Each structure stands twice: as C-alpha cells, then as structure tokens.
Amino acid sequence: MRTKQLHVFCLVFILTSLTNTLSAQWVKQNTPAMNGLYKMRAIGKNTLWTANQNLGGLDTAHLPSLLRTGDGGKTYKVTSLFPKDDYFYTLVPQDAATAYLVAAHHTEPIFLFRRTVDSGATWKDMSYTPTTFPDFVHFYDANNGILIGDPDSLGHNIVYTTDGGTTFLRLPQTNLPRPLADEFPVQDQYQILGNTLFIANIDGSNGLWRIMRSVDNGRNWTAGAWFSTEDFFEPRYVFTDANNGMVLRGIGTQTQTPLYTTDGGETWHESGQLPGAASYPISFLPNTQTIMSIFEDTVRHTTFTALTNDFGKTWHSTKDIDTAIPDTRYAHLGLQSYINGQLTVVDNNTAWAQFSNTAIHRYESSTPLVPEKPDLDLTLTADKDDLPLWNYVRFTLTIKNRGISPATGVKAHWLPPYKQTDNGGEPFANVSAYSSKGHYNWWSGEWNINELAAGESATATFNLFVVKNNEDVRQTAQITACNESDLDSAPNNMGRNTPKEDDETSFISIRAATFGEPLPNSTPSVVALKISPNPAKDKAVIVLDDKKDAAWEVDIVNSLGQVVFSKKEQRNGLLELNTEGYKNGLYMVRLTNGAEKRVEKFVVQH
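Please read these numbers as outputs of a predicted model, since none were measured by experiment.

If you tally the helices and strands in the protein, you get two helices and 44 strands. Across the 606 residues that make up the protein, the buried fraction comes to 53%. For the protein, the accessible surface area stands at approximately 25200 Å², while carbon and sulfur atoms represent 50% of it.

The buried count for strand S30 (residues 392-401) comes to seven of 10 residues, which makes it a mostly enclosed element. Strand direction decides the pairing type here: strand S29 (residues 376-382) and S30, joined by seven bridges, are antiparallel. Residue Leu376 lies in a different strand from S30, and its bridge partner there is Asn401. Of the pairings in the sheet, the one linking S30 to strand S35 (residues 457-466) comprises nine bridges and is antiparallel in character. By the bridge assignment for S35, Thr396 is matched with Thr461.

Bringing the nonpolar core into the picture now. By size, the foremost hydrophobic cluster in this structure holds 28 residues, and its most contacted members are Ile399, Trp414, Trp447 and Ile449. Elements represented by at least two residues in this core include exactly S29, S30, strand S31 (407-414), strand S34 (446-452), S35 and strand S36 (473-481). By residue number, the principal contributor to this core is S35, which donates five residues. Ignoring anything within four residues of it in the chain, the contact list for Ile399 reads Asp377, Leu378, Val410, Trp447, Ile449, Leu452, Glu456, Ser457, Ala458 and Ile479. Listed in part, the 23 residues of the second largest apolar core include Met126, Leu147, Val159 and Tyr160.

Judged by pairing direction, the sheet is antiparallel, and its five strands sit side by side in the order S33-S34-S31-S36-S37 without closing on themselves. This sheet does not close on itself; its edge strands, each paired only once, are strand S33 (439-441) and strand S37 (504-509). In this sheet, adjacent strand axes meet at a mean angle of 20 degrees when their direction is disregarded. Relative to S34, S33 runs antiparallel, the two being bridged by three bridges. Opposite His439, over in S34, you have Asn448 as the bridge partner.

This paragraph deals with the sheet that holds strand S41 (residues 563-570). Overall, antiparallel pairing links the four strands, which are arranged S41-S40-S43-S44 in an open sheet. Sheet topology places S41 and strand S44 (596-604) at the edges, where each strand pairs with a single neighbour. The average angle at which neighbouring strand axes cross in this sheet is 15 degrees, direction not considered. One ladder, built from five bridges, connects strand S40 (residues 552-558) with S41; its direction is antiparallel. The residue of S41 that forms the bridge with Asp555 is Ser566.

Using the criterion set out here, one finds 16 salt bridges in the structure. Between Arg249 and Glu270 there is a salt bridge, and its shortest N-O distance comes to 3.5 Å. Residue Arg249 is located in the loop between strand S19 (245-248) and strand S20 (259-261), and its partner Glu270 is located in strand S21 (residues 269-270); the two are separated by 21 residues in the primary sequence. Within this structure, Arg249, Glu270 and Lys537 form a network of salt bridges that share partners.

A word on the environment of Thr167. Its location among the elements puts Thr167 in the loop between strand S12 (155-161) and strand S13 (169-170). Among the residues examined, Thr167 registers a relative accessible area of 44% and is labelled partly exposed. Counting along the chain gives 41 residues from Thr167 to Met126, while the straight-line C-alpha distance between them is 9.5 Å. Ignoring anything within four residues of it in the chain, the contact list for Thr167 reads Tyr160 and Thr161. A polar contact of 2.5 Å, which involves the side chain of Thr167, links it to the side chain of Asp163.

Further remarks concern unusual backbone geometry. Both trends apply: most residues other than glycine have a negative phi, and most peptide bonds are in trans. Positive phi, close to 70 degrees, is recorded for Asn287, a residue that is not glycine. Inspection of the secondary structure puts Asn287 in the loop between strand S22 (282-284) and strand S23 (291-297). Residue classification places Asn287 among the exposed positions, given a relative accessible area of 81%.

Attention now goes to the packing of aromatic side chains. For any pair of aromatic rings, the description rests on two quantities: the centre-to-centre distance and the angle between the ring planes. Scanning all chains against the criterion turns up 20 aromatic pairs. A ring pair is formed by Phe239 and Trp268, whose centres lie 6.3 Å apart and whose planes are at 65 degrees; its orientation type is edge-to-face. Of this pair, Phe239 sits in strand S18 (residues 236-239) while Trp268 sits in the loop between S20 and S21; the two residues are 29 residues apart in sequence, bridging distant segments of the chain. Of the two residues, Phe239 and Trp268, both sit in the buried class. Arranged with centres 5.1 Å apart and planes meeting at 85 degrees, the rings of Phe295 and Trp315 form a pair that is edge-to-face. Taken as a pair, Phe295 in strand S23 and Trp315 in the loop between strand S24 (302-308) and strand S25 (316-323) lie far apart in primary sequence, 20 residues in all. Judged on exposure class, the residue Phe295 and its partner Trp315 are both buried. Following the ring pairs from residue to residue traces out a cluster consisting of Tyr100, Phe113, Tyr128, Phe139 and Phe168. Between Arg219 and the ring centre of Tyr160, over which it is positioned, the NZ or CZ distance is 4.1 Å. We note Arg362 situated over the ring of Trp352; from NZ or CZ to the ring centre the distance is 5.0 Å.

Our focus in this paragraph is the confidence of the model for the protein. Scored by pLDDT, the protein has a mean of 80; 81% of the residues are at 70 or more. Counting contacts from residues 1-24, a segment whose pLDDT is below 50, to residues more than four positions away or on other chains yields 85 contacts. Predicted confidence for residues 513-525 stays below pLDDT 50, and this span has 24 contacts to residues more than four positions away or in other chains.

As a further point, take the environment of Tyr280. Of note, Tyr280 is situated in the loop between S21 and S22. Judged by its relative accessible area of 1%, Tyr280 falls in the buried class. In this structure the C-alpha to C-alpha distance between Tyr280 and Leu343, which are 63 residues apart in sequence, comes to 8.4 Å.

Cut-offs and rules
- Residues numbered from 1 in each chain as written.
- Predicted model: local features only at pLDDT ≥ 70, side-chain atom pairs only at ≥ 80, totals over all residues.
- Heavy atoms only, no water.
- Helix = DSSP H or I, 4+ residues; strand = E, 2+ residues; numbered from the N terminus.
- Buried < 20%, exposed > 50% of the residue type's maximum accessible area, 1.4 Å probe, protein only.
- Areas by Shrake-Rupley, 256 points an atom, 1.4 Å probe, with all protein chains shown as cover.
- Pairing = 2+ DSSP bridges.
- Core = buried A, V, L, I, M, F, W, Y, C linked by side-chain atoms within 4.5 Å.
- Contact = heavy atoms within 4.5 Å.
- Axes fitted to C-alpha atoms, helices over the stretch in contact; angles between N-to-C directions.
- Salt bridge = Lys/Arg side-chain N within 4 Å of Asp/Glu carboxyl O.
- Polar contact = N/O pair within 3.5 Å; in protein donor to acceptor, adjacent residues only side chain to side chain.
- Phe/Tyr/Trp six-rings, centres within 6.5 Å; stacked < 30°, edge-to-face > 60°.
- Lys NZ or Arg CZ within 6 Å of the ring centre and 35° of its normal.
- pLDDT = per-residue confidence, 0-100.

This is how it looks when you write it as structure tokens:
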C-alpha cells in the first residue's frame, strides 16, 4: 500500500469545529451522526453526496459509509459503502443517481473500482481492476470515461473506456507529460469543467505541486509549472474556465499570497494579500470569474466569507459566518489548527459548505452570495517597453467587467502620447486609432463604450510612429462614468488615495534614443544595475556595479511620474529600499551621473 499517500491524508485533513449557530442564511443540516472525514460533492441545488473513510485500517467502528440527500438537506440517509475492511478514497458523483468509487482494500484485489446507479443504495464492483493506486475516475457520458492511477515504471497510468467501463485501454505516454520519479496525483484534488479536467500532482521528494490538465475529455494531458505551498499542507485550487485559475495556499496563515494563472497552470504568478488566515473551502460562481473562499479572523476568532473577481489581487464583500473554535486533535504532531472544510457554490442563491467533521450547512436565500454589481477594471499595455526612434509602437487599453451584472453608460478617458508630449515639434506621428466597441476619439481621449455585459472586455488601440527623440512618456487612463455602482471603485477620481481601486491605470514608456545612443534599458558598459526581488513586496535591494566606481544619483519614480525616493552620491554596493508604503504598480529606478543615464523597471506587489 502506498504509505506516502496515507501520510499526506493523515497530515492534510485537520478539521475545525464550529459550535455557534450560523447566520440565518447558512442553515445547519440535521444530519445523522457519522465517524471519520467527510468527502463532500454537491450535484446541483438538491443533491449532495458525502462519505467518510476508514483511516484506521481494520477499525470496524469507522468503516466507510455514505451520507446523501436528494431533497436539499430536508432528509439524509446513511448507507454502508463496503461490508469488508476497505478504506475509501475518492467518491466521484456523476448525477443524482450515479457515482463511482476508487478505493483500496486490505486483501486481494488491493485496488477497487465500484459504481452505484441507485443513489448509493447498492454498489457493484466494475469488471476492471486498477493496477496501481487509483486516484480519480470520471465518466463524461454513459460510455466514455477515464481512470487515473499512480505512475508505474511505464509512466503516468491513465486508462480510458468507450464501453461504459467494461474494458479499459491505457493512454500512450506520448499523450502525457513525463512524470518525475516521486510524482503522483492526489485523490480528491480534482476539478471538472465540461470537457476540461484538472488534477493536482505532488512530487513526494520535495513537496512541490503542479496541475495536470486535459481539454479533450482526458485523451491528451499537459502538466503546468511546479509551485510550492511553503508549508506542510495541500493547496486548494479552483479554475473558473479552462485557462484561468487560482491556488489558495498557506493554510492557517495570512502571510502567503495566493497564486493565479491565465494559461491553465503552465505559469503561476503571485497575487494579492489574503484578507484572513487561509482555509480549505474555495469555490466559484459558475459562468463567472468570481471566486469565494472562507477565512479566519485570528484576532476576533471568527470565520468569514470573502469574494475576489481578479484571482486574489483584491477581495471584497466580506461577511462573518460564525465563531471559530480550533480543532487540536493533531496538536501532538506539531501542526497548527486551522479552518478546514469544503464549499460548492451552485448558483448565486445556493451553496453547500462543510465547516467541521460533524456538520453540513446549506445556503439558500433571496440575498445573493455575490453582489449583483459590475466590477470594471483597466489595463494599459504596449507592444514595446521603450519608444524606438523611426519605429512603430502600439498601445492597447483594455476595460473588462469582472462583475456578474452588466455595466451601462460606461465611459473612459485615455489621452494617447500623440497629444501629450511636444518637445519643440511633434515627437510622434499618428498612424491609427480604433476600438473594439463603442467610439474612441483619439483627439480628445474620450472613449464611449456604453454597455459591457458581465465578463465582457473591450479594447481601444492606438498606433504611432516615433519621429523624434523625447523624454519618458507617461500615460494615464481612467473610467469616468458608469450608471451602476462598482464593487471596488468610483468613476472619475484619478489621483485620490484609493490603492485598491482598479478603474485607473498608468504606463511609462522610456524615451526614444538618438542614432548611436544605447536605449536606457540596455546595459551600458559603465554601470550594471540589478533589482531584487522583482516583483518586490516590502523590501527591495538595488545592486550597483560600476567599473569606474562613480557617484550616481538614484531616484525611484512611480507610474504617475512622481519621485518617491531619492539619494545622491550612491556608489558601488547595495542600496536597501523599503517598499512597504508603496502602492502596487510599476516603478522606475533612475540613475543619473552627468550625461550618463540608466533606467530599470520594477514592480511592487504586496
């Protein structure tokens, strides 16, 4: 039996008890008593499957059993999963009546694959016997399905069926990523979104994680970049579509930033600060990019929900749930207590949650879980960081409605650099300007978008040709009007001290170069400049390496062109920079020594 898998389970499933009555909208279900750990899977508004597992091996007092409701929690029924000394691992419901189990057994055959078609009243062994530890099974119609097991000497062990599970064929390794020697999937760490499947893998040798993804019902798979949880616990992740997702890590802490991806996990990026101590429950409102999670306020010892529309960069709509009472059953192992459970958001008025190992709660209310408001944000990008002389540059302003309701009467202002700068003659030649929606007037900078549906984006594009050397060019853009109130912003308030607002943006282009002059971002022969870390959180170190050991003037400039730090007579060595009070965004390190100049960009992301 795979001891590393059992080890992960014993350390991961640490639960917290909640004793006080939840708010009126979260209703505690009257469930029969069960021993062990829940594996909750909600199927729509009315059907919920949960099961415990026998981590005690031959402990008959904790034999696996199923707890199920089909009427929204009005009644629950408990049935035995196995009559023998089995211990269950993954329960995968397909609909209200059908579910599959991949499990392990103490006697031959060691690995089991079972199915019910009568809501769990009876279970039948499938004719196929897994050859390695089974982690996940999914049928996407009556005949076609896949089963994922631990890798063996041949590589990833993924088999598929086209006859309802009677026979299985193994996927060729050419359809799969190459596994590491100690890599294996983790059961219950899966997500299904239509034809797209995700499952998390851990490398047992170093504790790193990565997400495997298939976008064609499991026939071809890719593996993303490795990431660390930086603690001893499993991460929890959720994808809102095939490409966009978020990892919640640092269970029980508020110090670790979540990760987000826009390419299905091929790359991961740090996001914003968590609003409280991280916990396990994480879900999303279907057909939106609104993610919901449950956190703990470690000062007030309460649990609360919070929402994010931008994959953890900002959080809003926090709402208290209940008092948190830590579970200390694993304190002897040196593991901290934290809030653990599961969460499934069915729609904006229905959700299922598990906050402890003895209770299930259901949210059903006319008050929506997610505020029915728009959430507009802006981003400004360029196809080049600098302004190369006698060359084209294309700027693009993107406005997106991340909320779940339409935004009407939307207007934005973006004055392109063609109108902003004049250094004794026009430095740029206007080539073209256009927008994907509405009307953009490049002369006045006014962009009338009118309406953006939930999840919809629109772009305005400006192309120019650099015809003259010029100083650094700073552009700003903001949303100036919207009929509805925004979740986290107010239109037409550029420049106010509102760091969490996302309806304004800036962009700096480095000055153009004259003939024979190196670009400011290129490395000159005199001085080398390095900034670490980049992005920076609370501190950054600037490293100067000047062959002449000259004295440089150092300025830190924000995206609005304001100097936020300045130091004269800086020579070779380290310059420590405290960025704790800096707003998130793009900054420039500007070195000046007479006629010599050097500029490097860095980002602050708290």
